[in-house]
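In case you want the letters, here they are:
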Amino acid sequence: MPKIKLLILGYSSFVRRRILPSIKKNKKINYFICSKSQKINPKKRILFNNYNQALSQISPNIVYVSLINSLHFRYAKISLKRGFNVIVDKPISTSLKETKELLKIAKRKNLLLSEATLFNYHRVFSKIIQLCNGKKNILHIHSNFNVPLIKEPKKLISNKADCEMDMSPYAASIIRLFTNNKIKELKVFKEYFKKRKAVKDFFIMTKLRNCTYFGNFGLDRAYMSQISFFTKDKIITSPERVFALPQNKNLYISLKERNKLKKIKIKKDDCIQNFFNKILNYLKNRNFKIFYKKLLNDAILRDKIKNN
């Protein structure tokens with residue numbers, strides 16, 4: 001069986017650190033890289049410096065768009081129009097209108113369209129749901145994702161990569177993944193950099209029928225990346241770095257029950273490899289409705305966060 005041809009547009013830090021180590025292990029994928037910032041280097045599989053040329057010459061089965069946020073919509077649209085399945089780094093686009101436009105093209109051509117918000121494909125989350133005895137028993141979820149500022153606010157604005165743009169996909173996906181309820185109430189508090197052109201951090205509070213969710217996200221704070229799940233008699237806390245879990249080490253969930261604290265070991269896993277394996281399975285039957293639904297639901301919630 002011929003390998004799936006994966007064309008990566010962009011040579012981002014995320015691609016170098018997380019995507020490439022995983023797909024190199026996948027014997028079903030043959031990958032190619034197009035980068036405008038790097039020289040042609042066949043050893044690194046960087047074969048193109050021009051995106052349109054790469055799309056024409058490779059004719060990939062999947063295009064992975066890993067460019068700055070402001071270019072996601074443009075190259076996702078170009079790739080879909082040429083008939084290619086598309087995966088895009090989060091956020092898939094910078095507005096609900098753009099996401100709907102991409103979905104319209106994908107549905108018409110029956111193409112895969114997926115946002116690479118990948119943290120939940122790790123086995124740690126199936127264990128957490130098991131410890132909660134199912135999603136229906138989760139009463140409250142609290143997430144914290146804070147990172148030090150590494151880019152100037154001007155760069156965040158030009159790239160459309162402020163805290164709200166980069167991290168609201170996590171807030172949206174947490175609500176979709178771990179609650180079975182529609183939002184009854186939503187409040188968002190934002191702090192801006194000077195001149196209010198870029199969001200530095202935001203705090204989201206949502207009330208659902210049987211659950212509440214608080215999300216704390218920031219770009220200019222000490223690092224923290226963790227999710228806690230509260231049931232009637234338990235508090236289950238994810239490993240640190242939950243939104244970018246390491247691929248090569250055992251992890252530990254913290255379980256507090258009856259004031260007793262214990263650690264539960266989780267075997268090594270690779271959320272990115274799991275994601276791509278799932279993608280390959282869906283490519284066989286060409287039924288992408290589940291991806292369309294996820295994208296639309298998350299885009300609607302991100303739009304509410306933006307306009308709140």
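For the structure, see preceding data.
Rules behind the numbers
Residues numbered from 1 in each chain as written. Predicted model: local features only at pLDDT ≥ 70, side-chain atom pairs only at ≥ 80, totals over all residues. Heavy atoms only, no water. Helix = DSSP H or I, 4+ residues; strand = E, 2+ residues; numbered from the N terminus. Expected span 1.5 Å × (residues − 1). Buried < 20%, exposed > 50% of the residue type's maximum accessible area, 1.4 Å probe, protein only. Polar contact = N/O pair within 3.5 Å; in protein donor to acceptor, adjacent residues only side chain to side chain. Core = buried A, V, L, I, M, F, W, Y, C linked by side-chain atoms within 4.5 Å. Contact = heavy atoms within 4.5 Å. Pairing = 2+ DSSP bridges. Axes fitted to C-alpha atoms, helices over the stretch in contact; angles between N-to-C directions. Phe/Tyr/Trp six-rings, centres within 6.5 Å; stacked < 30°, edge-to-face > 60°. Patch = residues over 30% accessible without salt bridge, like charges linked within 9 Å, V, L, I, M, F, W, Y side chains within 5 Å. Areas by Shrake-Rupley, 256 points an atom, 1.4 Å probe, with all protein chains shown as cover. Salt bridge = Lys/Arg side-chain N within 4 Å of Asp/Glu carboxyl O. Lys, Arg positive; Asp, Glu negative; His and termini not counted. Charge placed at Lys NZ, Arg CZ, Asp CG, Glu CD.

Participant: Please clarify how helix 8 (residues 271-285) should be interpreted in this entry.
Facilitator: Since there are 3.6 residues in each turn of an α-helix, residues three or four apart along the chain are aligned in direction. In a regular helix each residue adds 1.5 Å, so 15 residues correspond to 21 Å; helix 8 covers 22 Å between its end C-alpha atoms and thus fits that length. Among all positions of helix 8, only Cys271, Ile272, Phe275, Phe276, Ile279, Leu280 and Leu283 are buried. One side-chain oxygen at the N-terminal end of helix 8 lies 3.0 Å from the backbone nitrogen of Ile272; it belongs to Asp270. The positive-phi residue at the C-terminal boundary of helix 8 is Arg286, with phi of around 60 degrees.

Participant: Even after reading the chapter, I still don't get the nonpolar core, so can you show me in this structure?
Facilitator: In a soluble, globular protein the nonpolar side chains are often hidden away together inside. Counting 56 residues, the largest nonpolar core has Leu6, Ile8, Ile23, Tyr64, Ile87, Leu113 and Phe276 as the members making the most contacts within it. Ranked by residue count, the leading element in this core is helix 8, at seven residues. Those residues within four positions of Tyr64 in sequence are excluded, and the remaining contacts are Leu6, Leu7, Ile8, Leu9, Phe14, Val15, Ile19, Ile87, Asp89, Ala116 and Phe276. Core analysis: the next-biggest nonpolar cluster, separate from the first, contains 47 residues, Ile128, Tyr170, Ala198 and Val199 among them.

Participant: Quick question: what am I supposed to make of the sheet that holds strand 5 (residues 85-89) here?
Facilitator: Across a sheet, paired strands are connected by hydrogen bonds in the backbone, their directions being either parallel or antiparallel. A sheet is described by the order of its strands in space; here six strands give the open sequence 3-2-1-4-5-6, paired in parallel fashion. A strand with exactly one partner marks an edge of an open sheet, and here the two such strands are strand 3 (46-48) and strand 6 (113-116). The mean angle between the axes of side-by-side strands here comes to 30 degrees, regardless of whether they run parallel or antiparallel. Summarising the sheet, strand 2 (residues 29-34) and strand 3 pair through two bridges and their orientation is parallel. Each bridged residue has a counterpart across the sheet, and for Cys34 the counterpart in strand 3 is Phe48.

Participant: Please clarify how the environment of Cys163 should be interpreted in this entry.
Facilitator: With respect to the helices and strands, Cys163 occurs in helix 7 (residues 163-178). Linking Cys163 and Leu113, residues 50 residues apart in sequence, is a C-alpha distance of 24 Å. Every residue in contact with Cys163, bar those within four places of it in the chain, is listed here: Ser168, Val199, Lys200, Asp201, Phe202, Phe217, Gly218 and Leu219.

Participant: Could you clarify how one ought to interpret the packing of aromatic side chains in this entry?
Facilitator: Between two aromatic rings, the relevant description is the distance of the centres plus the angle of the planes. In the structure shown here, the tally under the stated rule is 15 aromatic pairs. An angle of 70 degrees between the planes, with centres 5.1 Å apart, marks the rings of Phe119 and Phe243 as edge-to-face. A residue pair is termed long-range when its members are at least 10 positions apart, and Phe119 in the loop between strand 6 and helix 5 (124-131) and Phe243 in the loop between strand 12 (234-237) and strand 13 (251-257) qualify at 124 residues. The burial state of Phe119 is the same as that of Phe243; both residues are buried. Considering the side-chain rings of Tyr170 and Phe243, the 4.7 Å spacing of their centres and the 50 degrees angle between planes classify their relative orientation as tilted. With Tyr170 in helix 7 and Phe243 in the loop between strand 12 and strand 13, this pair connects stretches of sequence that are 73 residues apart. In this structure Tyr170 comes out as buried when scored by relative accessible area, which is 10%. Exposure remark for Phe243: the relative accessible area of 6% places this residue in the buried category.

Participant: Would you mind going over the side chain of Ser22 with me for this structure?
Facilitator: Considering the arrangement of structural elements, one finds Ser22 in helix 1 (residues 13-23). Judged by relative accessible area, which is 1%, Ser22 ranks as buried. At a separation of 2.8 Å, a polar atom in the side chain of Ser22 contacts the side chain of Asp270. Apart from the residues within four sequence positions on either side, Ser22 is in contact with Gln247, Asp270, Ile272 and Gln273.

Participant: It is not clear to me how unusual backbone geometry should be interpreted in this structure. Could you clarify?
Facilitator: Leaving glycine aside, a negative phi is the common case for residues, and trans is the common case for peptide bonds. The omega torsion across Lys90 and Pro91 is -5 degrees, close enough to zero to call that bond cis. Of note, Pro91 is situated in the loop between strand 5 and helix 4 (96-109). The backbone of Asn259 sits at a positive phi, close to 60 degrees, despite the residue not being glycine. Structurally, Asn259 can be placed in the loop between strand 13 and strand 14 (260-266).

Participant: Even after reading the chapter, I still don't get a positive patch on the surface, so can you show me in this structure?
Facilitator: Together, Arg16, Arg17, Lys44, Arg241 and Lys249 make up a region of like positive charge exposed at the surface. Along the polypeptide, Arg241 turns up in the loop between strand 12 and strand 13. Residue classification places Arg241 among the partly exposed residues on the basis of a relative accessible area of 38%.

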